[in-house]
Amino acid sequence: MTTTATGAPAEVELAIGGMTCASCAARIEKKLNRMAGVTATVNYATEKAKVSYGGEVSVRDLIATVEKTGYTAQEPVPEEPSDEPVDHELRSLRERLVTAVLLALPVVAMAMIPALQFEYWQWLSLTLAAPVVTYAAWPFHKAAFTNARHGAATMDTLISVGTLAAFGWSLWALFLGTAGTPGMTHPFELTIARGDGAGNIYLEAAAGVTAFILAGRYFEARSKRKAGAALRALLELGAKDVTVLRADGSEQTVPVGELKVGTRFVVRPGEKIATDGTVVEGSSAVDASMLTGESVPVEVAQGDAVAGATVNVGGRLVVEATRVGSDTQLARMAKLVEDAQNGKAAAQRLADRISAVFVPVVIALALGTLGFWLGNGAGLTPAFTAAVAVLIIACPCALGLATPTALLVGTGRGAQLGILIKGPEALESTRKVDTVVLDKTGTVTTGRMTLLAVHTADGTSEAEVLRLAGALEHASEHPIARAVADGALTKLGALPTPEDFANVPGLGVQGTVEGHAVLVGRERLLGMGVPPLERSRECGRAMELPVELARLKAEAEASGRTVVAVAWDGEARAVLEVADAVKETSAEAITRLRALGLTPILLTGDNEVVARAVAREVGIAPEDVIAEVLPQDKVDVVKRLQGEGRSVAMVGDGVNDAAALAQADLGLAMGTGTDAAIEAGDLTLVRGDLRAAADAIRLARRTLGTIRSNLFWAFAYNVAALPLAAAGLLNPMLAGAAMAFSSVFVVGNSLRLRSFKAAE
C-alpha cells in the first residue's frame, strides 16, 4: 500500500492520532489537500482521514505530511483493531483527571478560605499544584506546542499559557519574592491598587482550571470513542453461523465467513438469512423491514432474491449465495454509514473559534504591557507583574466550566425526559435545523402489524370472527397472522385450539376450529377452492365476498392497509384490516415540530399508497412524502435536501436509516430501534415517542443557548479585567473574587436547565 500510485486515483483510510479538537482535523485536512492530486476529508469524531490520491504521491508521503503537521498517522490493518489502545488512552485521561481533582480541591480551598491558610499553606499548595500543572495538564501543553509550531492558537493554547503563567509567577513569588514567608496570607480585600506582585501566588487558578477542563475533555473523549459503534452494530446484525447444504444432501453448520458465491444454505423459520442470495427451494415470508423499511413481510419463492440479515418468518428455504462478505447489501450499508460520518463536517467548537482570536490578542497585550511599563521607567518587577497579570486574568476559569456544566445539566435533564445527547457537536446543529425527515416504520408508526378493524357480513358477530380466525392464525408464525391472533387475544382473552391446521403457501391458512371448516387469508384463497382438509369438506367450494365486504376491502386497500378475508363452512363471513398502525402521539408530534419552525418530510421504503395514507393521518403534506426508497436512496434524499440549502434533521429507528442518520446535520434515533441506528444518531429518544423529537430539539437548543451565554460571560469577565491588569491595578483578591463570581454565575446559569419541561 505504500507503493507509488499510478493510473486512476487510489483511496486509503488513515488512522490519525494526537487530535484534541476539530481545528486539529481542519489543519490536517488543509495540509493534505495542498498535496498534488490529493483530496482528503478528516473526521475528528472517528479520528480517521479518508484520502484519495494519485500521481507521484504514495501512502508513505501522506503519513509523512500528517506527521510533519504534528500528528500521527498509520495505515489500516487487515484485522479489526483491538480495543486496547482506546482503553489505554481513556485510562490515561481518567488518571490525569482523578489526579487533578484530588490535588486541586485543597489548593483552591486554601486560596479562597483565609481560615485554612496555616503557617506554611503556600508551600503545601505548591506541592499539590505542581503535579496538576505538569502531569495532569501535559496534553494541553503538548497540543499548545504543536499549535504554536504551525502558527495556530486554540483553547489548548489559552489553557497552557494561562496555567503556566500562573504557576511560573507563583514560583517566582515563592522563591524570589515575599510569598514564601511563613505566615503569609491572602487577605480578602476588594480594592484596586498597584503592587509589585512579589507576595501573590496563583496556584489555585492553575490547578483549578486544569481540573475543570480535564473533566470536560474526559467526558467528551468517552463519548467520541463510541463513534465507530454504529459500524460494529451493523455488522453484528448478520448471522454468525450458517447451515450449508452439501452435494450429498447432508447439512453442515459452518461460520458465515466460509460462505462462497454459489454455495447453497438452509434457512429455517426464525433464522436470519446468512448472506445475499436467490431462493432455489421453498417459499416463505421474509421480514426485511430492517433493510428496506417495508412494514409488511415480503413473500418469497423459488427464483426470488433475498438479502442477508433479514429474517425468515415462515417456511424452510434453500438459498444460493450470490454475494458474500463486503459485497452484501448489509456491508454496503455499513460503508454508507462510514462514508456519511466521514463526510459530515465536524462542528468546530465555539471556544476554539474565539480562542483563535482571543489568545493572540492576549499575548500581544501582555507583551505590549511589558514594553509600555519598561519604556516608562517603572522597573522590571512592576512591568513583569502587570504583563503576567494580563496572562493570568485571561486564564479561562469560567470558560473551563462553561461547556461542561451546561452539558452535564442539559444531558442529565434530557436523560430524565428520555433524551440522550451525545455531545456538544450535536447541539450546534439544532440551532440551524429547518427540515426534519421522518422514517415511517417504527418512527411515525409502531413498526409492527396490528389488527385495526373487523368488518362482518350480516348475521355474523365480530366475536365469532375473532374467535375462529384468531384460533387458526394463532397456529401460524406469519407476522400478519400474529397481528390477527394478538388482536383476537386482546379482545377475547382466550382462543380455542384448532383441530386441524395447514398453511397454503403465499395465500393463507386453513383448518378446523370448533367443528367449522375455516379459511383465513387473501381473497384469492377463498376463490380458489383449495383442497379440503379431511374433516373440512366445505373448504373445497369457491367463495366470493359479499358486495358490502368487497367495497370495504377496496377502501381499506386504497388506504394502504392489508386485508385478510375470513370464511367458514363454505361462506365468506368477514374481512380484517391489518396495518402498521400510526402511533397515537405522532400527529401531535408533527404539530410540535412545525411549531419549532421545522418542515416535516415522510421518507420510507414502503409503497406510495401506504406512505400517503400515513402522512394524511398525521398531518404531513402530500408533496412532502417520499416513498419506495432504498437505504442508499435515503442518503441521497438527505444530500439533495442539504444541497438545496436546508439544514436537515433525520429521525429513524432501523438499520436502513443508519446511513441517513449519519449523513444528516442532526440525527435523532428512536431508542426502540436497532443499535446501528442509535449509534449513528446524535440524539437518542429513549421512549420511542416521536413527541420526544420536538422536546429533544427544544432542549438541545436551550442547552446550546446556555453554553453560548456562559462563554459570553466568561470572556466578558476576562475582557473587562484585562485593562485593570494591564494598568497594574489588579489586586489578587479582587481577581480571585471576580473569577469566583464568574464561575458561580456560569454554574448557576447552567443549573437553570434543570427547570426544562417536556411540552404538555
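Up top you'll find the structure we're talking about.
Residues numbered from 1 in each chain as written. Predicted model: local features only at pLDDT ≥ 70, side-chain atom pairs only at ≥ 80, totals over all residues. Heavy atoms only, no water.

Some remarks on the overall build of the protein chain
- Within the protein chain one finds 26 helices and 26 strands.
- Here the protein chain holds 760 residues, and 53% of them are scored as buried.
- Approximately 32,200 Å² of the protein chain is accessible, and the part contributed by carbon and sulfur atoms is 57%. (Helix = DSSP H or I, 4+ residues; strand = E, 2+ residues; numbered from the N terminus. Buried < 20%, exposed > 50% of the residue type's maximum accessible area, 1.4 Å probe, protein only. Areas by Shrake-Rupley, 256 points an atom, 1.4 Å probe, with all protein chains shown as cover.)

What to know about the packing of helix α4 (residues 121-136) against helix α5 (residues 138-149)
- Orientation of α4 relative to α5, taken along the N-to-C sense of each, is 45°, at an axis distance of 5 Å. As judged from the angle between their axes, α4 and α5 are oblique. Only W138, P139 and H141 of α5 make contact with α4, whose side of the interface consists of V133, T134, Y135 and A136.
- Here the contact of α4 with α5 is composed, by residue class, of five nonpolar, two polar and no charged. (Axes fitted to C-alpha atoms, helices over the stretch in contact; angles between N-to-C directions. Parallel < 35°, antiparallel > 145°, perpendicular 65-115°, else oblique. Contact = heavy atoms within 4.5 Å. Nonpolar A, V, L, I, M, F, W, Y, C, P; charged D, E, K, R; others polar.)

Here we look at the pairing of strand β15 (residues 435-439)
- The buried count for β15 comes to five of five residues, which makes it a mostly enclosed element.
- What you see with β15 is no split at all: T435, V437 and D439 on one side and V436 and L438 on the other are buried throughout.
- Note: β15 against strand β24 (residues 648-652), four bridges, orientation parallel. Its bridge partner being in β24, T435 is matched across the sheet by V648. (Pairing = 2+ DSSP bridges.)

Re the nonpolar core
- Membership of the largest hydrophobic core comes to 48 residues, with the highest contact counts inside it found for L438, L602, V651, L668, L685 and L690.
- A per-element tally of this core places helix α25 (residues 691-726) first, with ten residues.
- Excluding anything up to four places from it in sequence, L690 contacts L438, T443, V444, T585, S586, A589, I590, V651 and M670.
- Membership of the second largest hydrophobic core comes to 34 residues, among which are L93, A206, V209 and I213. (Core = buried A, V, L, I, M, F, W, Y, C linked by side-chain atoms within 4.5 Å.)

Observations regarding the pattern of salt bridges
- For the coordinates displayed, the defined rule picks out 20 salt bridges.
- In this structure, E588 and R691 form a salt bridge, with 3.3 Å as the shortest nitrogen-oxygen distance. Remark: R691 occurs in helix α25 and E588 occurs in helix α20 (residues 586-595); sequence separation between them is 103 residues.
- The network of salt bridges with shared partners includes E251, R268, E281 and R316. (Salt bridge = Lys/Arg side-chain N within 4 Å of Asp/Glu carboxyl O.)

Thoughts on the packing of α20 against α25
- At a minimum axis distance of 7 Å, the contact between α20 and α25 shows a crossing angle of 25°. Between α20 and α25, the angle falls in the class roughly parallel. Across from E588, A589, R592 and L593 in α20, the residues of α25 making contact are R691, A693, A694, D695 and I697.
- Looking at side-chain class alone, the contact of α20 with α25 contains five nonpolar, no polar and four charged residues.

Some remarks on the packing of aromatic side chains
- Applying the stated criterion across every chain yields a total of three aromatic pairs.
- Ring geometry for W169 versus W172: centroids 4.7 Å apart, planes at 25°, classification stacked. Of this pair, W169 and W172 are both found in helix α6 (residues 155-175), three residues apart, which corresponds to roughly one turn of the helix.
- By relative accessible area, W172 is classed as partly exposed at 26%.
- Taking the centre distance of 5.3 Å and the plane angle of 80° together, the rings of F372 and W373 count as edge-to-face. (Phe/Tyr/Trp six-rings, centres within 6.5 Å; stacked < 30°, edge-to-face > 60°.)

Focus: the sheet that holds strand β10 (residues 298-300)
- Spatially, three strands are ordered β10-β9-β12 in an open sheet, and the strand pairing comes out antiparallel. Both edges of this open sheet fall to β10 and β12 (311-312), since each of them pairs with a single strand only.
- With two bridges joining them, strand β9 (residues 284-287) and β12 adopt antiparallel strand pairing. Within β12, the residue paired with V286 across the bridge is N312.

Let's talk about the sheet that holds strand β13 (residues 317-323)
- On the basis of which strands lie adjacent, the open sheet formed by six strands has the order β6-β5-β7-β13-β8-β11 and antiparallel pairing. The sheet is open, and its two borders are formed by β6 (251-255) and β11 (305-306), each paired with just one other strand.
- Looking at chain direction, strand β5 (residues 241-245) and β6 are connected through five bridges and run antiparallel. What sits directly across from V244, in β6, is Q252.

Observations regarding α5
- Taking 1.5 Å per residue as the helical rise, α5 with its twelve residues ought to reach 16 Å, and the 17 Å between its terminal C-alpha atoms agrees with that figure.
- Phi turns positive, to about 65°, at G151, one or two residues after α5. (Expected span 1.5 Å × (residues − 1).)

Side note on the environment of A664
- Along the polypeptide, A664 turns up in the loop between α23 (658-663) and β25 (666-670).
- Put simply, A664 and S647 are 17 residues apart on the chain and 8.0 Å apart in space, counted from C-alpha to C-alpha.

Some words on unusual backbone geometry
- One non-glycine residue, E514, lies in positive phi territory at about 55°.
- For E514, the position within the fold is in the loop between β18 (508-513) and β19 (516-521).
- Here E514 falls in the partly exposed class, since its relative accessible area comes to 41%.
- Although it is not a glycine, D569 adopts a positive phi angle of roughly 50°.

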